[in-house]
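Overview (structure and organization)
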Amino acid sequence: MKLNYNDYEEFFKMVLKTDHVDLYTDFDPILSAKNEEKNKQGIVYYTSGIDNVLQTKAFKRINRIFQLGTKFYSSNRFMHTRGEHSKGTYQRTLDLLVNLCKKEEIRKLIQENHYEKYLLAELMRALLHDIGHGPFSHTMECVCNWPKGFHEQLGKRIIKEDKELNEALNKIFPNLPDLIEEVERKNFLGLNGLFEGQLDVDRADFLPRDNYASTRECIDISTLVIELFDSIEIKKIEGTNKLIPVYPENMIGKIEKFLESRYDNYQYLYYSNEEKLYEHIFKEFVIELLNCNEEFKLKTYLAENVNKKPEEIDLEEYLKYNDIEFFKGILEIYGKTKSERLKELASYCLPNNTMIKSLYIGILSSGEKTNQYGYIDLDKDDIEFLKDVDKINIEDSKKLVEQNFLIKRCDSSEELNKRLEIIREKLNLKSIEDLSQVGILYDISKNELYKNKPGEEIYIQSDDGNIYTFDKHPKRKIELKKFENNIIMIDKKHLLRNIKSKSEIMEIMEIIGILERENGENKFDSGR
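Residues numbered from 1 in each chain as written. Predicted model: local features only at pLDDT ≥ 70, side-chain atom pairs only at ≥ 80, totals over all residues. Heavy atoms only, no water.

Under the definition given, this model contains 34 salt bridges. For the salt bridge of lysine 102 with aspartate 7, the shortest nitrogen-to-oxygen distance reads 2.8 Å. You can see lysine 102 sitting in the loop between helix H4 (82–101) and helix H5 (104–112) and its partner aspartate 7 sitting in helix H1 (residues 5–16), a full 95 residues away along the chain. Lysine 453 is the partner of glutamate 456 in a salt bridge, and the nearest nitrogen-oxygen pair spans 3.6 Å. (Salt bridge = Lys/Arg side-chain N within 4 Å of Asp/Glu carboxyl O. Helix = DSSP H or I, 4+ residues; strand = E, 2+ residues; numbered from the N terminus.)

Now the structure itself:
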């Protein structure tokens, strides 16, 4: 359904129960659509109350956290942020709710039961869904040994406990932080599947956004997402009071295209060999830093977060760090540490001088430091940081990694474990995890095109009225495929330091299945 300014204005008048509302707008090309009937021009609509949320320190922090963690090391195209993605997810949700409220039965249900407050809660749930992410997004979870979903638990604490954010939310509507929890707990209108599902508002934004950065099709996916969400009906499962979002049968081809694009992104982007290697390099850097005898600000920060539970995190200290502050910490360590190994790992974690400046200035231009004329206002700390970058000659980390690491892909996790177990026995180590002490790392990543997980189903109503989950629909055409990426990574310098015998090293290389090129150059299978 084609939406315009008046539609959004009418929606906010209804949910805020007011006769007048002023809307702010931002442009975001990722939200654009090709379809003439949709005519979506990439506009984000929000009120002054929501703008107050965007101006909080907690939200501004995620404007300085890269959406794809360390992916920018492979290309400076990957500089979009969690803040941009969060605003995009908010707008996808706003479009969804505006369209649903145009349906008479939904609008009547909301107004008769005074559910307008829940619509506001769903919007803020979308806007703040990533507020708990740490520096470099999911990379932080890896280096701190946090389980999946840790940032979501932290986010809930930030919404409830951060005074500035809490006050901004309560000015929009009383007790809004509590209402955000309530809509999730009650599964309001059955919308949980569109917040934590396989085709949800989160994925509906990050898929076209990440595709755009990787030069894959973006606008087509964005158009597809708009068409899918426009088609959603809220249905009651027969014989129960459970509500679910349902797509019509004519959308099954578009659902398949979305799921295939997401599947490809996990295989070739999020779980690529290069991405996983950088995650493990950062983790090795953190381990070495925490075990050193020197004191650094970044060491203190990490010591307070590694292996902690969500309730144990000091939120005030946690919220002080974003990607820029983390970079500053690594730079300090690189310039001051006496440890050869720590300096080496720090060099892998830093972009070169030119790129780190570009990243720094680029992320500052996300909004809060841009003046009315479009110029960036650098403060004293910004200027000092850029001067420090000039003082240190940082080599290109991508080239350093290519020169110093080898990657071997295994056909299965069984093959990987068998190879590593043989090496473990040979080196007389207690477990294969201990192989990291000598420079041998590994990673196992898996994903599926569609997971039949309770609460995350995609429901499709056939033309005869029957409702199926996507995997059971008789007109589904694509295979429910899976992939597994199993890699062994070799830190050559660290291996040479720990194993002096050349013949023993060659034997380890043979067990892993890595051979040197005949011309003596180092093999680096970056893969995909």
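Residue placement: glutamate 279 occurs in helix H14 (residues 273–291). Owing to a relative accessible area of 9%, glutamate 279 belongs among the buried residues under this scheme. Setting aside its immediate chain neighbours within four residues, glutamate 279 contacts Thr139, Cys142 and Val143. (Buried < 20%, exposed > 50% of the residue type's maximum accessible area, 1.4 Å probe, protein only. Contact = heavy atoms within 4.5 Å.)

It is worth spelling out the sheet that holds strand S6 (residues 440–448) at this point. Ordered in space as S5-S9-S6, the three strands form an open sheet in which the pairing is antiparallel. The open sheet is flanked by strand S5 (405–410) and S6, the only strands paired with a single partner. For this sheet the average axis-to-axis angle between neighbouring strands, irrespective of direction, equals 20°. (Pairing = 2+ DSSP bridges. Axes fitted to C-alpha atoms, helices over the stretch in contact; angles between N-to-C directions.)

Our focus in this paragraph is unusual backbone geometry. Not every positive phi belongs to a glycine, and lysine 17 is a case in point at roughly 55°. Along the polypeptide, lysine 17 turns up in the loop between H1 and strand S1 (23–32). One non-glycine residue with positive phi stands out, namely leucine 189, at about 55°. Inspection of the secondary structure assignment puts leucine 189 in the loop between helix H10 (176–186) and helix H11 (201–213).

Here the focus is the nonpolar core. Formed by 142 residues in total, the largest nonpolar core has its most connected members in Phe11, Met124 and Phe285. Other than its neighbours up to four places away in sequence, methionine 124 contacts Ile50, Val53, Tyr90, Leu169, Ile172, Leu176 and Ile180. Ranked by size, the runner-up nonpolar core spans 21 residues in total, among them Leu416, Ile423, Ile490 and Met509. (Core = buried A, V, L, I, M, F, W, Y, C linked by side-chain atoms within 4.5 Å.)

A word on the packing of aromatic side chains. Enumeration according to the criterion identifies 21 aromatic pairs in this entry. With centroids separated by 6.1 Å and ring planes inclined at 70°, the aromatic side chains of tyrosine 5 and tyrosine 45 adopt a geometry described as edge-to-face. Taken together, the residues tyrosine 5 in helix H1 and tyrosine 45 in strand S2 (residues 41–47) connect sequence positions 40 residues apart. Given a relative accessible area of 11%, tyrosine 45 falls into the buried group. (Phe/Tyr/Trp six-rings, centres within 6.5 Å; stacked < 30°, edge-to-face > 60°.)

Bringing the sheet that holds strand S3 (residues 233–236) into the picture now. The strand order across the open sheet formed by four strands is S3-S4-S7-S8, and the pairing between neighbours is mixed. Looking at which strands have only one partner, the edges of the open sheet turn out to be S3 and strand S8 (467–469). Strand-to-strand twist of the sheet, defined as the mean angle between neighbouring strand axes without regard to direction, takes the value 45°. Sheet topology places S3 next to strand S4 (residues 243–248); four bridges connect them, and they run antiparallel. Residue pairing across strands places lysine 235 opposite isoleucine 244, the latter belonging to S4.

Here we take up the environment of histidine 494. Along the chain, histidine 494 falls in helix H23 (residues 492–498). Relative accessible area serves as the criterion here: at 12%, histidine 494 is assigned to the buried category. Distance from histidine 494 to glycine 83, taken between C-alpha atoms, is 37 Å for residues 411 residues apart in sequence. When near neighbours in sequence (up to four residues on either side) are disregarded, histidine 494 contacts Arg341, Ser436, Gln437, Val438 and Gly439.

Attention now moves to helix H9 (residues 163–172). Among the residues of H9, Leu165, Asn166, Ala168, Leu169 and Ile172 are the ones counted as buried. End-on, the buried residues of H9 take up no more than an arc of 165°, which puts them together on one face. Those residues of H9 that are exposed and aimed more than 90 degrees away from the buried face are Lys163 and Lys171. Where H9 is buried, its residues meet H1, helix H2 (48–54), helix H3 (57–62), helix H6 (116–127), helix H8 (150–161) and H10. (Arc of directions from axis to C-beta.)

Right, let's get into the environment of lysine 426. One can find lysine 426 in helix H22 (residues 413–427). Sequence spacing of lysine 426 and isoleucine 508 is 82 residues, and the spatial spacing of their C-alpha atoms is 8.9 Å. Residue contacts for lysine 426: discarding those within four places in its chain leaves Glu504, Glu507 and Ile511. A distance of 2.9 Å separates a polar atom in the side chain of lysine 426 from a polar atom in the side chain of glutamate 507. (Polar contact = N/O pair within 3.5 Å; in protein donor to acceptor, adjacent residues only side chain to side chain.)

Okay, the state of the cysteines next. Two cysteines form a disulfide when their sulfur atoms are joined by a covalent bond. Following the criterion strictly, the structure yields zero disulfides and no others. Cysteine cysteine 349 is unpaired, with the sulfur of cysteine 142 as its nearest cysteine sulfur at 12 Å. Take cysteine 349: its relative accessible area is 0%, and that puts it in the buried class. You can see cysteine 410 has no disulfide; the closest cysteine sulfur is in cysteine 142, sitting 18 Å from it. Using a relative accessible area of 3% as the deciding quantity, one classes cysteine 410 as buried. (Disulfide = S-S within 2.5 Å.)

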